[in-house]
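Next come the chains, spelled out residue by residue.
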Amino acid sequence: MDGSAHSKFIDLVEHGEIREAARQMMIEYYDPMYNKSLNKHNYHEKVMIESIEDGIIKLKEVFKKHM
């Protein structure tokens, strides 16, 4: 993250725009870094969830399968 991006996020926070700062940081910084790191790991499978409850059910199934 360069200095101008850093300043932009600080300005948003200082103006009370916490949600917008977080949203932009996710889009501009976290998501690209996360996507880049995906290629460095060997995952057993991908799990797409639609809710916390759905995630719990699906993750239990994955753990049972791989344990």
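What comes next concerns the included structure.

About the cut-offs
- The residue numbers shown here count from 1 along each chain, following its written sequence.
- With the structure being a predicted model, the display of local features is reserved for residues of pLDDT at least 70 and the display and counting of side-chain atom pairs for 80 or more, all residues being used for whole-chain, interface and lining totals.
- The basis for the side-chain values is all heavy atoms of the structure; hydrogens and waters are excluded.
- Put simply, DSSP marks the helices as runs of H or I at least four residues long and the strands as runs of E at least two long, and each gets a number from the N terminus on.
- To estimate how far a helix should extend, the number of its residues minus one is multiplied by 1.5 Å.
- Bend, at a single residue, is the angle you get between axes fitted to the 7 residues ending at that residue and the 7 residues starting at it.
- Geometry of aromatic contacts follows a simple scheme: Phe, Tyr and Trp rings, the Trp one being its six-membered ring, pair when their centres are within 6.5 Å, and the pair is stacked under 30 degrees between planes, edge-to-face over 60, tilted otherwise.
- Exposed residues in this analysis have more than 50% of their type's maximum accessible area, buried residues have under 20%, and partly exposed residues fall in between, with area computed by a 1.4 Å probe over protein chains only.

### Some remarks on helix H2 (residues 18-38)
Over its 21 residues, H2 runs 28 Å from end to end, which matches the ideal 30 Å to within 8%, given 1.5 Å per residue. The largest bend in H2 amounts to roughly 45° and is located at Met26.

### Details of the packing of aromatic side chains
Given two aromatic rings, one states the distance between the centres and the angle between the planes to describe the pair. Enumeration over the complete set of coordinates arrives at 1 aromatic pair. Seen from their ring centres, Tyr30 and Tyr34 are 6.0 Å apart, and the 20° between their planes marks the pair as stacked. Taken together, the residues Tyr30 and Tyr34, both in helix H2 and 4 residues apart, mark about one turn of the helix. With relative accessibility at 43%, the residue Tyr30 sits in the partly exposed group.

Function cannot be inferred from these measures alone, as they are strictly geometric.
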